[in-house]
Amino acid sequence: MYLGLYFVTLPLKFKAMKPKVTTEFQHGQARIFKNPFLESLTKTNPIQNIIVYGITIIAMISFTYIKIGLSPLQIIGLFIAGVFFWTFAEYMLHRFVFHWVTEAKWSQRFHFIMHGSHHHYPRDEERLLMPPVPGLIMASVLFLLFYGIFWMFGISQMSFGFFPGFFTGYLMYSFVHRATHITRPPKRFKNLWQHHSLHHYRYPDKAFGVSNTFWDKVFGTMPPAKLKGKKEEMA
């Protein structure tokens, strides 16, 4: 569930790595750090996220309009592009960063902190959203990365309009992800709920999209069609 430090990973680099994420799970809460303070930073709730991230997004959009000088039309266009690009980043991060694990101890530890704990404890409600402190740190790193990319094309100011959309896309994804684990699926989104359920309990090497299934269809990682409509346990 934790957002990685990189938003793009080359698939070929990890072609030889086979997903080793287990379908076994437990009820209760994971223990990630022995230190109580660090452990507290890995937990959050919806209200905290809405307030902290909501204020951050609004402040950045305001800064983009008032200080950077982008027009409302430019901001809206870049915002929409950022949201759409998040869906791609969501898929790539989940498939090639969150599911990357080797025999090395540091790799297994990294995997457990970033995503493995979620597969072991899929209904740990305090860890279904990104906590504000690590979330803002990672968002800052990602913004600098985007800024550098836009700067190379001579349009660095555009990154201020693009990133709020990207961040909003992440925020929407995180709440959809939380809902798939703790609420019954709305009729219109039953297939999306089932898609993520299949990823957890049957096919950890498929169904990497959470907020959508588009990129799974593009890259051929949809679960077998014959299981469509079959109920899976929501742990």
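In short, a report on the structure. Owing to the predicted nature of the structure, the values given are computational and were not obtained by experimental measurement.

## What to know about the overall build of the protein
At step 1: Across its full length, the protein holds 8 helices and 0 strands.
At step 2: Traced from its N-terminal end to its C-terminal end, the protein shows the element sequence α-α-α-α-α-α-α-α.
At step 3: Within the protein, buried positions represent 47% of all 235 residues.
At step 4: A separation of at least 24 residues holds for 75% of the contacts in the protein among residues at least 6 apart in sequence.

## Quick look at the packing of aromatic side chains
The relative placement of two aromatic rings is captured by the distance of their centres and the angle of their planes.
At step 1: Per the counting criterion, the structure on display carries 27 aromatic pairs.
At step 2: Plain terms: the ring middles of Tyr91 and Phe208 are 6.0 Å apart, the flat faces sit at 90° to each other, and that makes the pair edge-to-face. Of the two residues, Tyr91 is situated in helix H3 (residues 72–98) and Phe208 in the loop between helix H7 (190–201) and helix H8 (214–219); the sequence distance between them amounts to 117 residues.
At step 3: On the basis of relative accessible area, Phe208 is assigned to the buried category, the value being 1%.

## Concerning the nonpolar core
At step 1: Residues Trp86, Phe146, Phe163, Phe166, Phe167 and Tyr170 are the most contacted members of the largest nonpolar core, which totals 28 residues.
At step 2: When contributions to this core are tallied by element, the ones reaching two or more residues are helix H2 (46–68), H3, helix H5 (132–152) and helix H6 (159–182).
At step 3: Of the residues forming this core, the biggest block, 8 residues, is contributed by H6.
At step 4: The contacts of Phe163, once residues within four sequence positions are left out, are Met60, Ala139, Leu142, Phe143 and Phe146.

## Describing the packing of H2 against H5
At step 1: Relative to each other, H2 and H5 sit at 25°, their axes nearing to 11 Å. For the element pair H2 / H5, the angle class is roughly parallel. As for how H2 packs across H5, the hand of that crossing is right-handed. Note on element contacts: H5 touches H2 through Pro132, Gly135, Leu136 and Phe143, opposite Gln48, Asn49, Val52, Tyr53, Thr56 and Met60.
At step 2: Class assignment for the residues of the contact of H2 with H5 results in 6 nonpolar, 4 polar and no charged.

## Structural notes on unusual backbone geometry
At step 1: Notably, Ala207 is not glycine yet its phi reads approximately 55°, a positive angle.
At step 2: Secondary-structure assignment places Ala207 in the loop between H7 and H8.
At step 3: A residue is classified by how much of its surface remains accessible, and Ala207, at 0% relative accessible area, is buried.

## As for the packing of H5 against H6
At step 1: Packing of H5 against H6 leaves a shortest axis separation of 10 Å and a crossing angle of 140°. Here H5 lies oblique to H6, going by the angle between them. The handedness of the crossing between H5 and H6 comes out as right-handed. On H6, the residues that touch Ala139, Leu142, Phe143, Phe146, Tyr147 and Phe150 of H5 are Ser159, Phe160, Phe162, Phe163, Phe166 and Phe167.

## Notes on the environment of Phe166
At step 1: Structurally, Phe166 is set in helix H6.
At step 2: Residue Phe166 is classed as buried on the basis of its relative accessible area, which comes to 2%.
At step 3: The spatial distance from the C-alpha of Phe166 to the C-alpha of Phe143 is 9.6 Å, given a sequence separation of 23 residues.

## Some details on a nonpolar patch on the surface
At step 1: A surface patch of nonpolar side chains, about 390 Å² in accessible area, is lined by Phe84, Phe214, Val218 and Phe219.
At step 2: Judged by its relative accessible area of 43%, Phe214 is partly exposed.

## Some details on H6
At step 1: Taking 1.5 Å per residue as the helical rise, H6 with its 24 residues ought to reach 34 Å, and the 35 Å between its terminal C-alpha atoms agrees with that figure.
At step 2: A large share of H6 lies buried, amounting to 20 of its 24 residues.

## Observations regarding the side chain of Asn49
At step 1: Here Asn49 is to be found in helix H2.
At step 2: Among residues more than four places away in sequence, those in contact with Asn49 are Thr44, Gly54, Leu129, Met130, Pro132 and Phe175.

## Considering the environment of His99
At step 1: With respect to the helices and strands, the residue His99 is situated in the loop between H3 and helix H4 (105–120).
At step 2: Put simply, His99 and Pro204 are 105 residues apart on the chain and 8.7 Å apart in space, counted from C-alpha to C-alpha.

Analysis parameters
- Residues numbered from 1 in each chain as written.
- Predicted model: local features only at pLDDT ≥ 70, side-chain atom pairs only at ≥ 80, totals over all residues.
- Heavy atoms only, no water.
- Helix = DSSP H or I, 4+ residues; strand = E, 2+ residues; numbered from the N terminus.
- Buried < 20%, exposed > 50% of the residue type's maximum accessible area, 1.4 Å probe, protein only.
- Contact = heavy atoms within 4.5 Å.
- Phe/Tyr/Trp six-rings, centres within 6.5 Å; stacked < 30°, edge-to-face > 60°.
- Core = buried A, V, L, I, M, F, W, Y, C linked by side-chain atoms within 4.5 Å.
- Axes fitted to C-alpha atoms, helices over the stretch in contact; angles between N-to-C directions.
- Parallel < 35°, antiparallel > 145°, perpendicular 65-115°, else oblique.
- Left-handed = near helix turned anticlockwise from the far one by under 90°.
- Nonpolar A, V, L, I, M, F, W, Y, C, P; charged D, E, K, R; others polar.
- Patch = residues over 30% accessible without salt bridge, like charges linked within 9 Å, V, L, I, M, F, W, Y side chains within 5 Å.
- Areas by Shrake-Rupley, 256 points an atom, 1.4 Å probe, with all protein chains shown as cover.
- Salt bridge = Lys/Arg side-chain N within 4 Å of Asp/Glu carboxyl O.
- Expected span 1.5 Å × (residues − 1).

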